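Chain and residue survey
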Amino acid sequence: MSRPPLGVTRKQFLRGLLAGAALPALAGCGIRGADVLRLKLAHGLDTNHPVHKAMVYMAQVLAEQSGDTMHLEIHPAGQLGAERDLIELLQVGSIALTKVSASPLESFAPEMKIFSVPYVFRDAAHFQRFLGSEHGRALLLSLEQVRLRGLAYYDAGSRSFYTTHQPVHTPADLAGLKIRVQKSKTSVQMVQALGAAATPIAWAELYTALQQGIVDGAENNPPSFYLSRHFEVARFFSLDEHTFVPDVLMVSQHVWDHLSAQQQAWLQAAADASAQHERELWRVATQEAMAAVSAAGVEIIHPDKAAFRSAVEPMYAAYRGTPLGELLATIRSMP
């Protein structure tokens, strides 16, 4: 029997093989006399989220470009599992596509941790220039080493801290607080460098954790803060914008290899179109989210970012002389 790919347990691998016997990710059926290829796309976001809306747009573009011979079946809101589960199902070909944050991907492709290193990007424009560069594309394709193929980046804005009982104006205000982070070692290191206790908690469990005081705060972008309704229990939002962590749209390498060259071209073109469309959706969603949480009485704080940058500066020393350090230097030298 084949060995499980990186990051996949034997139990999950066997489950994927059994599910893949009929290869549901590539299940076809007949319609109007033509074969239709149905690709399962699963993710953890709400259907109101701009990224989900971009995926619906992708499905429309793919159907049009393929002459209605390729369809996306979208399973939102964690119906098929959390992000880690979806990555592992993608590796064995049990689903065709998924979208996850770049942060948990660092466990599969270490280069992805660049996005969780704080203050790598000067601003949103610098971040977008990197995503569109040859270096950004190379980072997407680096996932092939673990049986994943990056198709596109979705904008997920900048991540900032929000807290339940006290505002954060400086890193000193984070001292001793329990802050929820994604399952990313780099995110944990960042929060610890700022003096807080990093607490990885699943996204679906975070509202209750904030409400019950299991954690004192979290960090995320404005649309996620709003759509999750975390603003109901976390009444302070400090826009320190420590990281720009994109969402990554991926296809199973196993599924990709079974597509014809024309089908691959259609899928990539649809992904590119959806990523472009998502950027505008994200811009509008961010404006609406900030207006909504402010109207709900959340205190919006604009801290001096210099103190935060200074506090995390020692993190960079660990990357000197490494491939990640070279990439960091390349990004910082970009105009």
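Structural data are supplied above this passage.
Residues numbered from 1 in each chain as written. Predicted model: local features only at pLDDT ≥ 70, side-chain atom pairs only at ≥ 80, totals over all residues. Heavy atoms only, no water.

Overview of the overall build of the protein
Inclusion rule: Numbering goes from the N terminus for both helices and strands, where a helix is a DSSP run of H or I of at least four residues and a strand is a run of E of at least two. Buried means the residue's accessible area, taken with a 1.4 Å probe over protein chains only, is under 20% of the maximum for its type, while exposed means over 50%, and partly exposed covers the values in between. In what follows, residue pairs with any heavy atoms lying within 4.5 Å of each other are defined as contacts. Per-residue and other accessible areas follow the Shrake-Rupley method at a 1.4 Å probe size, with only the shown protein chains counted as cover for residues.
Each helix and strand counted, the protein has 13 helices and 12 strands in total. Expressed as a percentage of its 335 residues, the buried residues of the protein come to 52%. In the protein, the share of contacts with a sequence separation of at least 24, taken over all contacts with a separation of at least 6, comes to 73%. Roughly 14300 Å² of accessible area belongs to the protein as shown, and the carbon and sulfur atoms make up 53% of that amount.

Notes on unusual backbone geometry
Of note, alanine 77 is a non-glycine position whose phi angle comes to about 60°, a positive value. By the element assignment, alanine 77 lies in the loop between strand E3 (70-75) and helix H3 (83-91). For glutamate 241, which is not glycine, the phi torsion reads 50° and is therefore positive. When its relative accessible area of 28% is taken as the criterion, glutamate 241 is described as partly exposed.

Quick notes on the pattern of salt bridges
For side chains bearing opposite charge, pairing can occur when the charged atoms are close. Definition in use: Salt bridge, as applied in this entry: a Lys or Arg side-chain nitrogen positioned within 4 Å of an Asp or Glu carboxyl oxygen.
Summed over all chains, the structure comprises eight salt bridges. Measuring nitrogen to oxygen at the nearest pair gives 3.0 Å for the salt bridge that ties arginine 159 to glutamate 219. Of the two residues, arginine 159 sits in strand E6 (residues 158-163) while glutamate 219 sits in strand E9 (residues 217-220), which places them 60 residues apart along the sequence. On the basis of relative accessibility, which here comes to 2%, the residue glutamate 219 falls in the buried class. With a closest N to O distance of 2.4 Å, glutamate 241 and lysine 305 form a salt bridge. Placement of the pair is glutamate 241 in strand E10 (residues 236-244) and lysine 305 in helix H11 (residues 305-312), with a sequence separation of 64 residues.

Some words on helix H2 (residues 50-65)
The following threshold applies: Here a helix's expected span is defined as the number of its residues, less one, multiplied by 1.5 Å.
End to end, H2 covers 22 Å across 16 residues, agreeing with the expected 22 Å (1.5 Å per residue, within 8%). Those residues of H2 that sit buried are Pro50, Val51, His52, Ala54, Met55, Met58, Ala59, Val61, Leu62 and Ala63. After H2 finishes, the residue glycine 67 shows a positive phi value of roughly 65°.

Observations concerning empty space enclosed by the protein
Applied cut-off: The way it works is a 1 Å grid over only the protein atoms, where trapped points that fit a 1.4 Å probe form a cavity and open points with protein on both sides within 12 Å along at least five of seven lines form a pocket, and then any residue with an atom within 4 Å of a point lines it. Grid points are joined across faces, edges and corners, and a volume is the space filled by probe spheres set on the points. Amino acids outside the nonpolar list (Ala, Val, Leu, Ile, Met, Phe, Trp, Tyr, Cys, Pro) and the charged list (Asp, Glu, Lys, Arg) are all regarded as polar, and Gly is one of them.
On inspection of all chains with the given rule, the structure shows one cavity of 30 Å³ or more. Within this model, the largest cavity holds a volume of roughly 40 Å³. Grouping the constituent residues of the lining of the largest cavity by class yields two nonpolar, five polar and two charged.

A few points about the side chain of glutamate 219
Let me state the cut-off plainly: Pairing of N or O atoms within 3.5 Å defines a polar contact, subject to two protein rules: one partner must be a possible hydrogen donor and the other a possible acceptor, and residues neighboring in sequence count only if both atoms are side-chain atoms.
Engagement of the side chain of glutamate 219 in a polar contact is seen with the side chain of histidine 242, the distance being 2.9 Å. Look past the residues within four positions of glutamate 219 in its chain and what remains in contact with it is Arg159, Ser160, Phe161, Tyr162, Arg180, Val181, Met190, His242 and Thr243.

What to know about the layout of surface pockets
Unoccupied space between atoms shows up once a probe the size of one water molecule is rolled over them. Space inside the largest pocket adds up to approximately 980 Å³. In terms of lining residues, the largest pocket is bounded by 35 residues, among which Gly44, Glu83, Arg180, Trp203 and Ala204 are the most central. Tallied by class, residues from the lining of the largest pocket come to 15 nonpolar, 12 polar and eight charged. A volume near 320 Å³ is recorded for the second largest pocket. Lining the second largest pocket we find 24 residues, and of these Ala124, Gly157, Ser158, Glu241 and Phe244 sit closest to its centre. Put simply, the parts of the chain that give the lining of the second largest pocket at least two residues each are helix H4 (124-131), E6, E10, helix H10 (261-295) and H11.

Description of the packing of aromatic side chains
Going by this rule: Aromatic rings from Phe, Tyr and Trp, taking only the six-membered ring of Trp, are treated as a pair when their centres fall within 6.5 Å; an angle between ring planes under 30 degrees marks them as stacked, one over 60 as edge-to-face, and anything in between as tilted. Counted as over-ring charges are cases with an Arg CZ or a Lys NZ within 6 Å of the ring centre that also lie within 35 degrees of the ring normal.
On inspection of all chains with the given rule, the structure shows 12 aromatic pairs. Taken together, a centroid distance of 5.9 Å and an interplanar angle of 70° make the contact between phenylalanine 115 and tyrosine 153 edge-to-face. Here tyrosine 153 lies in strand E5 (residues 148-154) and phenylalanine 115 lies in the loop between strand E4 (97-101) and H4, a separation of 38 residues in the sequence. Neither phenylalanine 115 nor tyrosine 153 differs from the other in exposure class; each is buried. Between phenylalanine 225 and phenylalanine 231, the ring centres sit 6.5 Å apart and the planes meet at 75°, which makes this aromatic pair edge-to-face. Of the residues examined, phenylalanine 225 reaches a relative accessible area of 0% and is grouped as buried. Between the NZ or CZ atom of arginine 332 and the centre of the ring of tyrosine 316, over which it lies, the distance is 4.3 Å.

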